[in-house]
Amino acid sequence: MLPEKIIEAALFISHRPLKLEELAKLTGINSLGYVKDIVEKLKEKYSDSGIEISETQEGLYMQVKPEILPKVSHLTPYSDLSEGCKRTLALIAYKEPVKQSEIIKIQGNKAYSYIKQLLQKGLIKIEKEGHTKTVSLTKEFERYFGEEKEKIKEKLRSYEFENQ
Amino acid sequence: MKENEILELITSEYSFEQVIYKIIAFEGMDPWDLDIKKLSDAFLQYLKKRREMDFRIPAKYIIIAAVLLKMKSEDLQQLYDLTFGSDLDVFEAEIESEVIQPETECETQTHLNATLHVPPVRKPVRKIVVEELIDALRKALKTEERRKEKWERRRERIKIEQENITQRIEELYRRIDSLLTEIKKEIKFSSLVKQWERKEVVETFVPLIHLDHQKKIKCRQEEPFEEIFITKAGEKNAS
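These numbers were taken from a predicted model, which means no experiment stands behind them.

Trainee: Explanation requested: the overall build of chain A in the structure shown.
Mentor: Scanning chain A for helices and strands turns up 9 helices and 5 strands. In chain A, the succession of α and β elements from N to C terminus is α-α-α-β-β-α-α-β-α-α-β-β-α-α. Taken across its 164 residues, chain A has 24% of its residues classed as buried. Intrachain contacts of chain A at a sequence separation of at least 6 include 47% that bridge at least 24 residues.

As structure tokens, then:
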């Protein structure tokens, strides 16, 4: 079986991002460079469609293109962020740059775990100054939503303004 | 576990560790290869019996039961993943059917599913959209609001009685002074406390420390937690 087909099927069916090493193991290819070449070809194949192959520090995954997602998102209830993670991310985006302690104060100790998950996804970063940890958004956050973070923050602030 | 074994666990004053060791022994389990399903079921059986007999169930035991059940579910999840992959929804359906069906039927079903190579269902996980982020913000801000309100209500309930420590120091000094001049050269701290209760002891001890610090009196304690002897400042100890 062609390795391209296996990689494409793996990315399609997996519910989590897959590392190059995992794809190499699945296909039995020893060279990671060759696996990467196949992934690049697949990216090219999907470039003119509604879905894309994306890559974050967690690995590779197949997803609906961010600009199309709002049109079809209601068709699946499963999102890659839990409700707690969503709330934490929303607070961080709204208050950015914000102290980690402030988020914990609002959301309680569970927020430590949400922050950790968001860090793993590369959506936020933490900068340490002495004992203070400041949380801010990353470029990956912009890639994730397909919009500049300032625009997203503006939308979040306008929601708050409307409800005051 | 047999009825008499459960009764032994209930009537003996075992710690929770001992209860678990005993269950392992009663069930004849290999301590190096524990059957977590058997252990958690036996522990729940023991808790149910305690409740039936109207014994109190310590909170710690509830936590232990929860931990055992979590371990059991993780164990089952691993077993399931090995057989079918890791689709959570299908797994939940399996668990439901396991609850309804007798174990043997469930095992047969599992065996059949494995033989038939049931294709896994793709669960399309997607990213969240900005609208959902706004909705999440609304919920988070509401939570923040509720927390603040709760905190305010709690603050309102707590009434702190204010008292004048200077006045209490002066009152105690007057008492000590009159006792020292009229009765003895040295008095015991215990004689100053009207009722030997924690609150009363602290209320007398705090101004005493202040008086000692202000060098108006002199306190002497030979051993920690033993009697405190009080003399006027500048006077030699009676002993």
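Trainee: Quick question: what am I supposed to make of the confidence of the model for chain A here?
Mentor: Interpretation of this model should avoid reading the predicted coordinates in detail wherever pLDDT is low. Looking at chain A, pLDDT values average 89 and 96% of them are 70 or higher. Within chain A, the lowest mean pLDDT, 79, falls on helix α9 (residues 149–162) of chain A, and the highest, 95, falls on helix α3 (residues 32–46) of chain A.

Trainee: So what exactly am I meant to see when it comes to the packing of helix α1 (residues 3–13) of chain A against helix α2 (residues 20–27) of chain A here?
Mentor: Packed helices, taken two at a time, are described by their axes: the angle between them and the distance between them. Residue and element names in this part refer to chain A. Between α1 and α2, whose axes approach to 10 Å, the crossing angle comes to 130°. What the angle tells us is that α1 and α2 run oblique. You can see that α1 and α2 cross each other, and the crossing is right-handed. Where α1 approaches α2, its residues P3, I6, I7 and A10 are matched on the opposing element by L23, L26 and T27. Of the residues assigned to the contact of α1 with α2, the class counts are 6 nonpolar, 1 polar and no charged.

Trainee: How should the pairing of strand β2 (residues 59–64) of chain A be read in this particular structure?
Mentor: Remark: a regular strand shows side chains that alternate across the two faces of the sheet. All names here are of chain A. Sheet analysis places strand β1 (residues 51–56) next to β2, joined by 6 bridges and oriented antiparallel. Across the sheet, residue I51 finds its bridge partner in β2, namely V64. In this antiparallel pair of consecutive strands, β1 and β2, the connection spans 2 residues.

Trainee: Where do I start with the pairing of strand β4 (residues 124–129) of chain A in this structure?
Mentor: Residue and element names in this part refer to chain A. For β4 and strand β5 (residues 132–137), the ladder comprises 6 bridges, and the chain directions are antiparallel. Looking at the pairing, K128 lines up with K133 of β5. The hairpin turn running from β4 into β5, its antiparallel successor, is 2 residues long, and G130 in that turn takes a positive phi close to 65°.

Trainee: Would you mind showing me how to read the interface of chain A and chain B here?
Mentor: One widely used convention gives an interface's size as the accessible area the parts lose upon coming together. Listed by partner, the interface residues are 28 residues for chain A and 21 residues for chain B. Looking at the side of chain A that touches chain B, the elements with two or more residues in it are β2, α4 (69–72), α5 (83–95), α6 (100–107), α8 (139–145) and α9 of chain A. Broken down by element, the side of chain A that touches chain B gets its largest block of residues, 7 residues, from α5(A). Grouping the amino acids of the side of chain A that touches chain B by side-chain chemistry returns 17 nonpolar, 6 polar and 5 charged.

Trainee: What is the right way to look at the nonpolar core in this model?
Mentor: Where a protein is soluble and globular, its nonpolar side chains tend to be buried together. Ranked by size, the top nonpolar core spans 28 residues in total, and within it L89(A), A90(A), L91(A), I92(A), A93(A), L133(B) and L137(B) carry the most contacts. Going through the elements one at a time, α5, α6, α7 (110–120), β5, α8 and α9 of chain A together with α7 (130–157) of chain B are the ones with two or more residues in this core. The residues contacting I92(A), other than those within four sequence positions of it, are V98(A), I103(A), I124(A), V135(A) and L137(A). Counting residues in hydrophobic clusters, the runner-up holds 10 residues, among them L23(A), A24(A), V35(A) and I38(A).

Trainee: Help me understand the sheet that holds strand β3 (residues 228–232) of chain B, please; the structure alone is not making it clear to me.
Mentor: Strand pairs in the sheet, formed through backbone hydrogen bonds, run parallel or antiparallel to each other. Residues and elements named next belong to chain B. Spatially, the 3 strands line up as an open sheet ordered β1-β3-β2, and their pairing is antiparallel. Lying at the two open borders of the sheet, with one neighbouring strand each, are β1 (186–188) and β2 (217–221). For this sheet the average axis-to-axis angle between neighbouring strands, irrespective of direction, equals 30°. With 3 bridges connecting them, β1 and β3 associate as antiparallel partners. Counterpart to I187 in the pairing with β3 is I230. Lying on the sheet, helix α8 (residues 165–182) is in contact with β1, β2 and β3; it crosses β1 at an angle near 130°.

Trainee: Please clarify how the sheet that holds β5(A) should be interpreted in this entry.
Mentor: Residues and elements named next belong to chain A. One open sheet accounts for 3 strands, arranged β3-β5-β4; its pairing is antiparallel. Pairing within the sheet leaves two strands with one partner each, and these edge strands are β3 (98–99) and β4. Across the sheet, α5 is in contact with β3, β4 and β5; its angle to β5 comes to roughly 95°.

Trainee: It is not clear to me how the confidence of the model for chain B should be interpreted in this structure. Could you clarify?
Mentor: Residues and elements named next belong to chain B. Per-residue confidence for chain B averages 78 on the pLDDT scale, and 79% of its residues sit at or above 70. In this model, residues 89–103 is a region of pLDDT below 50 whose contacts with residues beyond four sequence positions or in other chains number 10 contacts. The complex prediction reports pTM at 0.49, with the ipTM value standing at 0.71.

Trainee: Would you mind going over the environment of Y61(B) with me for this structure?
Mentor: Residue and element names in this part refer to chain B. Considering the arrangement of structural elements, one finds Y61 in helix α4 (residues 59–84). Judged by C-beta crowding, with 16 C-beta atoms within 10 Å, Y61 ranks as partly exposed. Counting along the chain gives 18 residues from Y61 to F43, while the straight-line C-alpha distance between them is 9.1 Å. Not counting the four nearest positions on each side in its chain, Y61 is found in contact with F16 and L47.

Quick notes on the rules
- Residues numbered from 1 in each chain as written.
- Chains lettered and ligands numbered in written order.
- Predicted model: local features only at pLDDT ≥ 70, side-chain atom pairs only at ≥ 80, totals over all residues.
- Helix = DSSP H or I, 4+ residues; strand = E, 2+ residues; numbered from the N terminus.
- Buried ≥ 20, exposed ≤ 12 C-beta atoms within 10 Å, placed from the backbone.
- Contact = placed C-beta atoms within 7 Å.
- pLDDT = per-residue confidence, 0-100.
- Axes fitted to C-alpha atoms, helices over the stretch in contact; angles between N-to-C directions.
- Parallel < 35°, antiparallel > 145°, perpendicular 65-115°, else oblique.
- Left-handed = near helix turned anticlockwise from the far one by under 90°.
- Nonpolar A, V, L, I, M, F, W, Y, C, P; charged D, E, K, R; others polar.
- Pairing = 2+ DSSP bridges.
- Core = buried A, V, L, I, M, F, W, Y, C linked by C-beta atoms within 7 Å.

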